[in-house]
Amino acid sequence: MAPVSLRAYAGRIVLVSGQDVIAEHKRRFTRNVSYFEPWHYVPLLDRKPGALRDGAPFVDWQLPEAMHRIREHYMAGKGGDREFVDLLLLAQDHGIEVVETACELAVQQNTLRLPAIINLINQLVEPAITPLSDAYTYPQLTLRPEADCKRYEALCSAEEAAA
């Protein structure tokens, strides 16, 4: 476990571990008021997805419009908390921009199910495979393959004898 240092500046607070910035927050000087960064609590939602409905960090969470529509759709159904948490965890893995774009596409296509959104994310993240040009020539066979079951049985029996 690496040591963590807190660096307090006039307008911000930064948490650092080694050379990595773990978190950065705007500094606020009000009393008796709590400020939350909901993205910091998303990993905890994996264990308690119900906190998404009433948890203090998520009450006034301003999500992008497409993600907000998908959240409303999921929360209307049973088990929607878990599905939306899975979507939020994907945002932490692939970045909010990618998930937001996938959600916008899902809303446009009216495919709000999680597997469809995961498919859209994968399409955005994975590189496009370019087809081979028509000029590509496949190697020509020099020996024509023969269907010979006795040859296969001989290989299997030789393998059994070796074992």
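Just so it is clear, the model here is predicted, and its values are computed rather than measured. (Residues numbered from 1 in each chain as written. Predicted model: local features only at pLDDT ≥ 70, side-chain atom pairs only at ≥ 80, totals over all residues. Heavy atoms only, no water.)

Participant: What exactly am I supposed to notice about the pattern of salt bridges here?
Facilitator: In this structure the tally under the stated criterion is four salt bridges. One salt bridge connects Asp81 with Arg53, and the closest N-O pair in it is separated by 2.7 Å. Taken as a pair, Asp81 in helix 4 (residues 80-94) and Arg53 in helix 2 (residues 51-54) lie far apart in primary sequence, 28 residues in all. Taking the relative accessible area as the measure of exposure, Asp81 reaches 10% and is therefore buried. Here Asp86 ties to Arg82 by a salt bridge, and the two come within 3.8 Å at their closest N and O atoms. With a gap of four residues between them, Asp86 and Arg82 both fall in helix 4, about one helical turn apart. With relative accessibility at 27%, the residue Asp86 sits in the partly exposed group. (Salt bridge = Lys/Arg side-chain N within 4 Å of Asp/Glu carboxyl O. Helix = DSSP H or I, 4+ residues; strand = E, 2+ residues; numbered from the N terminus. Buried < 20%, exposed > 50% of the residue type's maximum accessible area, 1.4 Å probe, protein only.)

Participant: What is the right way to read the packing of aromatic side chains from this model?
Facilitator: Two numbers describe a pair of aromatic rings. These are the distance of the centres and the angle of the planes. Applying the stated criterion to the full structure yields four aromatic pairs. Geometrically, the ring pair formed by Trp39 and Trp61 is edge-to-face, given 5.1 Å between the ring centres and 80° between the ring planes. With Trp39 in the loop between strand 3 (20-26) and helix 1 (42-45) and Trp61 in the loop between helix 2 and helix 3 (65-76), this residue pair connects regions lying 22 residues apart in the sequence. Taking the relative accessible area as the measure of exposure, Trp61 reaches 11% and is therefore buried. (Phe/Tyr/Trp six-rings, centres within 6.5 Å; stacked < 30°, edge-to-face > 60°.)

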